[in-house]
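# Residue-level structural notes
Here are the chains, one letter per residue:
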Amino acid sequence: MADQTHVLFVEDDDVIREATQLALERDGFVVTAMPDGLSGLDAFRADRPDIALLDVMVPGLDGVSLCRRIRDESTVPVIMLSARADSIDVVLGLEAGADDYVTKPFDGAVLVARIRAVLRRFGHAGGGERGEDAAPAGGVLTFGDLEVDTEGMEVRRAGQPVALTPTEMRLLLEFSSAPGTVLSRDKLLERVWDYGWGGDTRVVDVHVQRLRTKIGQDRIETVRGFGYKLKA
């Protein structure tokens, strides 16, 4: 997979940028490394990478704003890099459209594993196909004014197309596969984010909220203390 994967890496710390670039290149990734948000945006538009790694605190155009600009133009996967796990920057990055985040300082092997997990979800080269149990079988599913085409990977609300990122689509497919069934945050992390270990459930909460804004606030119900379910 990695030998065909182009990574855009935006990080202003010279040591971290160079060390991480070398580590990723040793794993076979092609890396374009930029020191600030504006040059990162230019590189994104010029190269159209397979995935973007964006540090939150970069000069010129911060990582959150850069993520928003990228998301306006593309559904390419984005991983935010944050120095503090409990920072509001984590939530802001996810709300801006990031698919995941990694806390600094990070282990190179962990970063590579997270990159590969995201790429598997997005179906990039060598990442493997979506698992057979990841999407419900059979055509178009209807939930009120919401239509989910599980084969064409299209969503319509009141007859109008709804633009979802691949992560949002996978999340909706999980809910659609078991309408009325409560899915825990841990289960969603495992199935949608491919976490074989514990993860930050804020990732799930923010993506559920983003999905709600697109398909209807009342379509996905919060079951306090347990998780979420799609109203049948």
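Structure first, text after, so check above.
Everything numeric here is computed off the predicted structure, so don't read it as measured data. (Residues numbered from 1 in each chain as written. Predicted model: local features only at pLDDT ≥ 70, side-chain atom pairs only at ≥ 80, totals over all residues. Heavy atoms only, no water.)

Our focus in this paragraph is the sheet that holds strand 5 (residues 100-103). Strands sit in the order 2-1-3-4-5 across an open sheet of five strands; the sheet is parallel. The outermost strands of the open sheet, each flanked by one partner alone, are strand 2 (30-34) and strand 5. Each neighbouring strand pair of the sheet contributes to a mean axis angle of 20°, computed without reference to strand direction. Looking at chain direction, strand 1 (residues 6-10) and strand 2 are connected through five bridges and run parallel. Residue Leu 8 lies in a different strand from strand 2, and its bridge partner there is Thr 32. (Pairing = 2+ DSSP bridges. Helix = DSSP H or I, 4+ residues; strand = E, 2+ residues; numbered from the N terminus. Axes fitted to C-alpha atoms, helices over the stretch in contact; angles between N-to-C directions.)

Relative to the helices and strands, Asp 13 resides in the loop between strand 1 and helix 1 (14-26). Along the backbone, Asp 13 and Pro 35 are 22 residues apart, and their C-alpha atoms lie at a distance of 7.3 Å.

Taken together, the four strands give an open sheet; going across it, the order is 6-7-8-9, and neighbouring strands pair in antiparallel fashion. Bordering the open sheet on either side are strand 6 (140-143) and strand 9 (160-161), each of which pairs with just one other strand. In this sheet, strand 7 (residues 146-149) lies alongside strand 6 in antiparallel orientation, the contact comprising four bridges. The residue bridging Val 140 from the neighbouring strand is Asp 149, located in strand 7. The sheet contacts of helix 6 (residues 166-177) involve strand 6, strand 7 and strand 8 (154-157), and relative to strand 7 the element is tilted by about 105°. (Contact = heavy atoms within 4.5 Å.)

Right, let's get into the nonpolar core. Leu 54, Met 80 and Phe 175 are the most contacted members of the largest nonpolar core, which totals 50 residues. Top element by residues in this core is helix 8 (residues 202-215). It accounts for six residues. If sequence neighbours within four positions are ignored, Phe 175 has contacts with Leu 183, Leu 188, Val 208, Leu 211, Ile 220, Tyr 228, Lys 229 and Leu 230. (Core = buried A, V, L, I, M, F, W, Y, C linked by side-chain atoms within 4.5 Å. Buried < 20%, exposed > 50% of the residue type's maximum accessible area, 1.4 Å probe, protein only.)

Let us look at helix 6. Taking 1.5 Å as the rise per residue, helix 6 with 12 residues should run 16 Å; its terminal C-alpha atoms sit 16 Å apart, in good agreement. The buried count for helix 6 comes to 10 of 12 residues, which makes it a mostly enclosed element. All of the buried residues along helix 6 are Thr 167, Glu 168, Met 169, Arg 170, Leu 171, Leu 172, Leu 173, Glu 174, Phe 175 and Ser 176. (Expected span 1.5 Å × (residues − 1).)

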